[in-house]
Amino acid sequence: MEELTASLEKMRVESGNPTPEPFEKLINQLHELEDSTTVCEELVAGGILPLTVAAIQSSSLEAQAKGAELVAELAKVESCRLGCVTGGLVPILVEKMSSSNTKVALQACRALGNICYEHDGGRVSVMESGGASQLLSLLQRAANLPNTADDHQLRLVATGFLLNLLNSYDTVQDQSMEAELVDVLCEYLDKFAEDEDIPTHVLLSLTCMADTEVGRGLVVSRDITPQLVRVLRINESPEVTETCLELVTNLAETECVKTQVAQGGVCEAVVEVVRRHRNNPSSDLSPPIIKTATDLIVLILVGDESMGIVYSNGSGSVYQELLDWLTSDLEDLQIAGALAMGNFARSDAHCIQMVESGIAEKLLKVLSSHNSGEGDIRLQHALLSALRNLSIAKENKPVLVNQGALDVLLPMATAIETFPVVFKLLATLRMIIDGQTEAALKVGSSSEVVGRLVGWCGTTDHPGVQGESSRLLAWIIKNCGGDSSVITSLASAGCVAPLVLMLGSEHAVMVNEAALALVLVFGTVVTGNVVEKTKLPEVVTFVLKNPYLPPEIMSNVLSMMTALSANEPALESVKTDDMRAAVEELATHSNEQVKTLAVALKEKL
C-alpha cells in the first residue's frame, strides 16, 4: 500500500505535465495483486480519477494510453464504475476512441467497455456522450486495419465493448446507425470467422439486437444467413459454434427466417456441425451443441415453406441425414430424427411418399424397442407424433396396419402411464383405425385396452387424454362394421357414460362423433341399465337447446334418441319434462330434417 501511495503522490506532483511511467507502475502493481478490489476502491476514494483525466487529456499519447488503461483496470471493479461516470470520464474516453493512435483508441475503448459491463448507468452515459456512433466508426475503421497483434486486439476490445453496451440495453437509439452496425458486424463475421473471440462478441451482439423489436427487424431484413453458414462451417471452436447456433435459434422463431435459413444452407451446415461433434467430440460442449443443433433443425422444419425446401421431394441431403438419425445410437439424434419425420409428414403428398419409401416401417421398428413402460419417454412421444401424422392420409392407413402398427402400439396402451405419451398414442390409434374394420375390431376386442380407455375417460389430470380416449371409443364403434359382439362388450365395459359426457362437448365435431357412436350402441344394445347410470337426460337436453349446433349434428343427436326409443324401458329412464320441451321446440325448426326427426321423437316422448 505504501508503494501505491507513493505512485499516487507522484502522479499528483506531475498532474500538470503527466508522464506514463507512474501510471504504468501503478497498473503493474495492480496486476500483481490477487484481488485488487479493495485497493482500487481506495485509489478512487483517494482521488485517482481526476489524475487519469489529466493524463488522458494531455499531449502525450503514451500518457493518454496509460491513463485510459488505468481507468480500464479500475472499472473492472463493480463499485468503481459509477465513480468513473460521475467523474466525467465517459465523454473524454468517447472522444479518444477516434484517436489515430491504436493504443490510445484501444485503451479508451477497453475502459468504456469495462464501465458498461453490467452497469446501466455506464451504458446510458456512453449513449448520451455519442459513444454509439464513435464505436461504430471505430469498428468500421478497425475492420480494415492490418492483421497485426495491436490491430487484432483493437478489434477484439471494440467488439467486446459493443457487446457490453448492447447487453440488456433496449436500443442504440438510432435505426440508421443500427442498420449500419448490422452491416459492420456481418463484415466482421466474413473477415474474422475463424477467430475465436471476435465472432463470439459479434454473434452475442447480434443476439442482443435481435432481442429488441427494431433490432430484430433490421437483422432479419439484412439476412445474415451467409455469414452464419460461414461461421458454422469453418470455425471449429465449440464456444463459437454454440453461440452461433443459439443466435440462429433465436432468429428462427420468426417465420420468414425459417425460410431464409433453409434456402441459405444453414441446415446443411448444422448437420455438418452434428457430424463433427458426434464423430470427434471436442469438449464437454459437444453433447449440448448436438442437442442445440438438432433442436434447431426441428424448429426450422416447423415452417411449411422451410420444411418443403429441406424435404426437396424426398431427395434433400438433410432429409436423408435425418432419416439416418433414426437409427443412431445417440438419443438426441433419434428424437430429432423422429420429430423431423413428423414435421415432414404435415402434407398428404409427403405422407404418402414417405410411407411408400418405408419411413413408417423404420419408425415402427424403433418404437418396438421402446413400447414398454421402460421406454424413453421423449423418443416415444416423438415417434408417435410422426406415426400419427403419417396415418392421417387415407392411403396410408391400411399400409400401416399391414406393417404391424397395432402389434407395436397396443402393448403401449396397457403399459404407458405418462399422459403426454398416452395422448399421442390414442390419437395415433384413432387415425389408424379410421375406415379399417379389422383394425377397429382388433382394438375393440382387447378387453385390457378397452378397460384402460374407459378409465382414461374419467381422468381429470390430462384433459387431452380424457378427450382422446372418449373419441377413440367412438371411432372403434364407428369403424367396427357394426359388429354386435364388440359393441356389446364395449357397452358392458362402461363406454356409454363417457360417450354421453362427450356428447356435451363444446366442440361440435366431438358432439357429432359421440352421437353417431351412441346411435350404433343404442341400435345394438338397448336396455334400460345401459343408460340409467349416465347423465343422458341432462346432456341431451343441454345439446338440444344449443342454438349454435349445426342442423346436421342436431339431426344425429335426434337420431340417437330415436334409436334409444326402440326400447321402452330405456326411453322411460331418460324422459324428463325439460327434454320434452326441448324436443317440442325443435318440432318447429327451420331445417326440415331436424323438424321431421323432432316431431317423430316428440310422439314417443
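Because the structure is predicted, anything quoted here is derived from the model rather than measured.

**Details of the overall build of the protein**
So, step 1. Helix and strand content of the protein: 40 helices and zero strands.
So, step 2. What you see for the protein is a C-alpha radius of gyration of 36 Å, clearly larger than the 25 Å of a compact globule of 605 residues, by over 25%.
So, step 3. If you line up the protein on its principal axes, its C-alpha atoms span 115 × 50 × 45 Å.
So, step 4. Accessible surface for the protein amounts to roughly 25200 Å². Of this, 49% is attributable to carbon and sulfur atoms.
So, step 5. Across the protein, the 43 positively charged side chains and the 79 negatively charged ones have centroids separated by 5 Å.

**A few points about the nonpolar core**
So, step 1. The biggest cluster of nonpolar side chains holds 226 residues, and the ones touching the most others in it are I48, L93, M341, F344, L503, F522 and L536.
So, step 2. Here the element with the most residues in this core is helix 11 (residues 149-166); it accounts for nine residues.

**What about the confidence of the model for the protein?**
So, step 1. For the protein, per-residue confidence averages 93 on the pLDDT scale, and 98% of positions sit at 70 or higher.
So, step 2. The secondary-structure element of the protein with the lowest mean pLDDT is helix 1 (residues 2-13), recorded at 73, while helix 29 (residues 437-444) shows the highest, at 98.

**Some thoughts on helix 31 (residues 463-479)**
So, step 1. In this model helix 31 runs 24 Å from its N-terminal to its C-terminal C-alpha over 17 residues, within 8% of the 24 Å that 1.5 Å per residue would give.
So, step 2. In terms of residue burial, helix 31 counts as a mostly covered element, since 13 of its 17 residues are buried.

**So, the side chain of S205**
So, step 1. With respect to the element layout, S205 can be found in helix 13 (residues 197-210).
So, step 2. Residue classification places S205 among the buried residues on the basis of a relative accessible area of 1%.
So, step 3. Within polar-contact distance, the side chain of S205 engages the backbone oxygen of H201 at 2.8 Å.
So, step 4. Not counting the four nearest positions on each side in its chain, S205 is found in contact with T159, L162, L163, L166 and L185.

**Quick look at the environment of L228**
So, step 1. Tracing the sequence through the fold places L228 in helix 15 (residues 225-234).
So, step 2. In this structure L228 comes out as buried when scored by relative accessible area, which is 2%.
So, step 3. Apart from the residues lying within four places of it in its own chain, the contact partners of L228 are L203, C244, L247, V248 and L251.

**Looking at the packing of helix 13 against helix 14 (residues 213-222)**
So, step 1. Here helix 13 crosses helix 14 at 120 degrees, and the two axes come no closer than 6 Å. It follows from the interaxial angle that helix 13 and helix 14 lie oblique. Taken together, the residues of helix 14 that come into contact with helix 13 (itself represented by L206, M209 and A210) are G215, R216 and V219.
So, step 2. Of the residues belonging to the contact of helix 13 with helix 14, the class tally is four nonpolar, one polar and one charged.

**Quick notes on unusual backbone geometry**
So, step 1. The phi dihedral of D223 is positive, around 55 degrees, even though this residue is not glycine.
So, step 2. Within the chain, N313 stands out as a residue other than glycine whose phi angle is a positive 60 degrees.
So, step 3. Of note, N313 is situated in the loop between helix 20 (304-311) and helix 21 (317-325).
So, step 4. For N313, a relative accessible area of 59% corresponds to the exposed category.

**Describing helix 21**
So, step 1. Every buried residue of helix 21 is accounted for by V318, Y319, E321, L322, L323 and W325.
So, step 2. Where helix 21 is buried, its residues touch helix 18 (266-279), helix 19 (286-300), helix 20, helix 22 (331-344), helix 23 (348-356) and helix 24 (359-368).

**Overview of the pattern of salt bridges**
So, step 1. One pass over the full model with this rule turns up 20 salt bridges.
So, step 2. For E255, the salt bridge identified is with K258, shortest N-O distance 3.7 Å. With a gap of three residues between them, E255 and K258 both fall in helix 17 (residues 255-263), about one helical turn apart.
So, step 3. Judged by relative accessible area, which is 46%, E255 ranks as partly exposed.
So, step 4. Residue R471 is joined to E513 by a salt bridge in which the shortest nitrogen-to-oxygen separation is 2.6 Å. Within this pair, whereas R471 is found in helix 31, its partner E513 is found in helix 34 (residues 508-524), the two being separated by 42 residues in sequence.
So, step 5. Here the residues in one salt-bridge network are E73, K76 and R110, joined through shared partners.

**Focus on the packing of helix 20 against helix 23**
So, step 1. Contact geometry for helix 20 and helix 23: axes closest at 12 Å, N-to-C directions at 30 degrees. Accordingly, the angle class assigned to the pair helix 20 and helix 23 is roughly parallel. Considering only the axes of helix 20 and helix 23, their crossing is left-handed. The segment helix 20 lies against helix 23, with M307, G308 and Y311 engaging H350, Q353 and M354.

**A short note on the state of the cysteines**
Should the sulfur atoms of two cysteines be covalently bonded, the bond is a disulfide.
So, step 1. All told, the structure shown has zero disulfides when counted by the stated rule.
So, step 2. The cysteine C186 is free of any disulfide, with C244 supplying the nearest cysteine sulfur at 11 Å.
So, step 3. Free cysteine: C457, not disulfide-bonded; nearest cysteine sulfur from C495 at 8.4 Å.
So, step 4. Relative accessible area serves as the criterion here: at 7%, C457 is assigned to the buried category.

**What about the packing of aromatic side chains?**
Both the distance between ring centres and the angle between the ring planes are used here to describe each pair of aromatic rings.
So, step 1. One pass over the structure, following the stated rule, counts four aromatic pairs.
So, step 2. Ring centres 5.7 Å apart and planes at 40 degrees place the aromatic pair Y311 and F344 in the tilted group. Pair noted here: Y311 is in helix 20 and F344 is in helix 22, with a separation of 33 residues, a long-range link. The same class applies to Y311 as to F344, namely buried.
So, step 3. In textbook terms, an aromatic cluster arises when at least three aromatic residues are bridged by ring pairs, as seen for Y311, Y319 and F344.
So, step 4. It is R430 that lies over the ring of W475; its NZ or CZ is 4.7 Å from the centre.
So, step 5. Above the face of the W475 ring, K478 is positioned so that its terminal group lies 4.3 Å from the ring centre.

Criteria and thresholds
- Residues numbered from 1 in each chain as written.
- Predicted model: local features only at pLDDT ≥ 70, side-chain atom pairs only at ≥ 80, totals over all residues.
- Heavy atoms only, no water.
- Helix = DSSP H or I, 4+ residues; strand = E, 2+ residues; numbered from the N terminus.
- Rg over C-alpha atoms; globule rule 2.2 N^0.38 Å.
- Areas by Shrake-Rupley, 256 points an atom, 1.4 Å probe, with all protein chains shown as cover.
- Lys, Arg positive; Asp, Glu negative; His and termini not counted.
- Charge placed at Lys NZ, Arg CZ, Asp CG, Glu CD.
- Core = buried A, V, L, I, M, F, W, Y, C linked by side-chain atoms within 4.5 Å.
- Buried < 20%, exposed > 50% of the residue type's maximum accessible area, 1.4 Å probe, protein only.
- pLDDT = per-residue confidence, 0-100.
- Expected span 1.5 Å × (residues − 1).
- Polar contact = N/O pair within 3.5 Å; in protein donor to acceptor, adjacent residues only side chain to side chain.
- Contact = heavy atoms within 4.5 Å.
- Axes fitted to C-alpha atoms, helices over the stretch in contact; angles between N-to-C directions.
- Parallel < 35°, antiparallel > 145°, perpendicular 65-115°, else oblique.
- Nonpolar A, V, L, I, M, F, W, Y, C, P; charged D, E, K, R; others polar.
- Salt bridge = Lys/Arg side-chain N within 4 Å of Asp/Glu carboxyl O.
- Left-handed = near helix turned anticlockwise from the far one by under 90°.
- Disulfide = S-S within 2.5 Å.
- Phe/Tyr/Trp six-rings, centres within 6.5 Å; stacked < 30°, edge-to-face > 60°.
- Lys NZ or Arg CZ within 6 Å of the ring centre and 35° of its normal.

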